[in-house]
Amino acid sequence: MNRDVELQKLVKVTVVTIDGNENQVTVPVVGDEQISVTDIYAKACDCLGLQKTSSKWFSLFCGGETIRRLKPDTFTHSSAKEVSLRKWCFNGRIEANMIKDDPVACHLVYLEAKAAIEKGLLSVTNEQREKLEEYEDPAFKLEKDYILLAQTLEGYFSVLIQNCIITDQEPIESTLQNSYPGSVRVSMEGIILHTEKCSRTFKWTRLKKWTVHNKLSRVAFLHVSPSGEEQTVVVETHQCDYLLSAIIQIVKELQVVNPSESFFYSSMISTNEEGSTSYENVLYRGPCDGVDDEGR
């Protein structure tokens, strides 16, 4: 009886899209002031009018400066603020079908592409900018054409983590040595590390594993060169959770592209004594593929 009464307690959650449009959804409170992420997500997608085939390529996030993905089948506190719904798809073929078949999804993807360009997260030439402005003519707006052009821009299908500290060596006694400010971009091609010193792409087939230490705000990537030499690159960022979510999503999408080439087992995730978690890369193929990483 008590549980029935408890489930009747409702709370309103505001879900924002990239253009600042607010959508209020009402969900039940369960247990100790917890609400279901799945409930918020389903009602937000329904409120926006997203088709079910498209909604699975969107996800909920929370936080302003520090972004955290609200994972399906989990719970968050009923006082959750700054909840947003954003595209969570890095496959060009999937997105092309989505914007063709679902006008609501097309509009949301267009808004995100436009925001990324306006914020300077995607670089465009003068010619491309003129074309994009042409597609935005209020008299005859072409959102799908805008997206298709945006998809050709470098970095479009990726997640950019800025304001990182990057080092080529394992931390010694929790102190980073030879560190450089930079950024990390997670894409279908691999992990792209950029500092004032250099820019490198670590292909997925060369990344043996990554280890996340949330308390220290660090992610360590174990990379194997074509000659078999192992190197650990450590990224320090307050966006650890967001970085890990992007890695996992892109690896999943790459597995969909080549389903027969990789299988994931729960034993590939392990917790270490110091509190970090290591993830073996299901896409790792070792040093024998004969193709060097860019910038190496």
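Residues numbered from 1 in each chain as written. Predicted model: local features only at pLDDT ≥ 70, side-chain atom pairs only at ≥ 80, totals over all residues. Heavy atoms only, no water.

**Overview of the packing of helix α4 (residues 92-101) against helix α7 (residues 143-150)**
Okay, so step 1: Closest axis-to-axis distance for the α4/α7 pair is 10 Å, and the angle between their directions is 170 degrees. Between α4 and α7, the interaxial angle falls into the category roughly antiparallel. Facing Glu95, Ile99 and Lys100 of α4, the residues of α7 in contact are Lys144, Ile147 and Leu148.
Okay, so step 2: Of the residues assigned to the contact of α4 with α7, the class counts are 3 nonpolar, no polar and 3 charged. (Axes fitted to C-alpha atoms, helices over the stretch in contact; angles between N-to-C directions. Helix = DSSP H or I, 4+ residues; strand = E, 2+ residues; numbered from the N terminus. Parallel < 35°, antiparallel > 145°, perpendicular 65-115°, else oblique. Contact = heavy atoms within 4.5 Å. Nonpolar A, V, L, I, M, F, W, Y, C, P; charged D, E, K, R; others polar.)

**A word on the pattern of salt bridges**
Side-chain pairs of opposite charge can arise where the charged atoms are in close proximity.
Okay, so step 1: As enumerated under the stated definition, the model contains 7 salt bridges in all.
Okay, so step 2: In this structure, Lys87 and Glu95 form a salt bridge, with 2.8 Å as the shortest nitrogen-oxygen distance. Each member of the pair, Lys87 together with Glu95, is buried.
Okay, so step 3: Measuring nitrogen to oxygen at the nearest pair gives 3.6 Å for the salt bridge that ties Glu134 to Lys131. (Salt bridge = Lys/Arg side-chain N within 4 Å of Asp/Glu carboxyl O. Buried < 20%, exposed > 50% of the residue type's maximum accessible area, 1.4 Å probe, protein only.)

**Thoughts on the nonpolar core**
Okay, so step 1: Ranked by internal contacts, the top residues of the largest apolar core, which has 44 residues, are Val13 and Val15.
Okay, so step 2: No other element matches helix α5 (residues 103-118), which puts 9 residues into this core.
Okay, so step 3: If near-sequence neighbours (up to four positions away) are discounted, Val15 is found in contact with Asn21, Glu22, Asn23, Val25, Ile40, Ala44, Leu60, Val83, Ser84 and Leu85. (Core = buried A, V, L, I, M, F, W, Y, C linked by side-chain atoms within 4.5 Å.)

**Observations concerning the packing of aromatic side chains**
Okay, so step 1: Considering all chains together, one arrives at 7 aromatic pairs under this definition.
Okay, so step 2: On the numbers, 5.0 Å between centres and 70 degrees between planes, the contact of Phe61 with Trp88 is edge-to-face. Separated by 27 residues along the polypeptide, Phe61 in strand β4 (residues 58-62) and Trp88 in the loop between β7 (83-87) and α4 bring together distant segments of the chain.
Okay, so step 3: Look at Phe61 and you get buried, because its relative accessible area is 1%.
Okay, so step 4: Summarising the aromatic geometry, the rings of Tyr110 and Tyr146 are spaced 5.1 Å apart at their centres and angled 85 degrees between planes, so their arrangement reads as edge-to-face. (Phe/Tyr/Trp six-rings, centres within 6.5 Å; stacked < 30°, edge-to-face > 60°.)

**Quick notes on the sheet that holds strand β12 (residues 207-213)**
Okay, so step 1: What the 9 strands build is an open sheet, ordered β11-β10-β9-β8-β14-β13-β12-β16-β15; its pairing is antiparallel. Lying at the two open borders of the sheet, with one neighbouring strand each, are β11 (199-203) and β15 (269-271). Strand after strand, the sheet turns through a mean of 25 degrees between neighbouring axes, direction not considered.
Okay, so step 2: Bridging between β15 and strand β16 (residues 277-280) involves 3 bridges; their strand directions are antiparallel. Looking at β16, one finds that Ser270 is bridged to Ser278.
Okay, so step 3: Relative to strand β9 (residues 180-187), helix α8 (residues 240-257) is tilted by about 30 degrees, and along the sheet it contacts β8 (158-167), β9, β10 (190-195), β12, β13 (218-224) and β16. (Pairing = 2+ DSSP bridges.)

**A look at the confidence of the model for the protein**
Okay, so step 1: Averaged over every residue, the pLDDT of the protein is 88; the share at 70 or more is 89%.
Okay, so step 2: Per-residue pLDDT stays below 50 along residues 1-7; that stretch engages in 6 contacts with residues further than four places along the chain or on separate chains. (pLDDT = per-residue confidence, 0-100.)

**A few points about unusual backbone geometry**
Okay, so step 1: In this structure, Glu82 is a non-glycine residue whose phi angle is positive, near 55 degrees.
Okay, so step 2: On the secondary structure map, Glu82 appears in the loop between β6 (75-77) and β7.
Okay, so step 3: Among the residues examined, Glu82 registers a relative accessible area of 53% and is labelled exposed.
Okay, so step 4: The phi angle at Ser217 is positive, at roughly 55 degrees, despite the residue not being glycine.

**A short note on the sheet that holds β4**
Okay, so step 1: The mixed open sheet is built from 7 strands, whose spatial order is β5-β4-β7-β1-β2-β3-β6. Because the sheet does not close on itself, it has two edges, and the strands there are β5 (68-70) and β6. Taken over all neighbouring pairs, the strand axes of this sheet differ in orientation by 45 degrees on average, direction set aside.
Okay, so step 2: As defined by bridge partners, β4 adjoins β7 across 5 bridges and the pair is classed as antiparallel.

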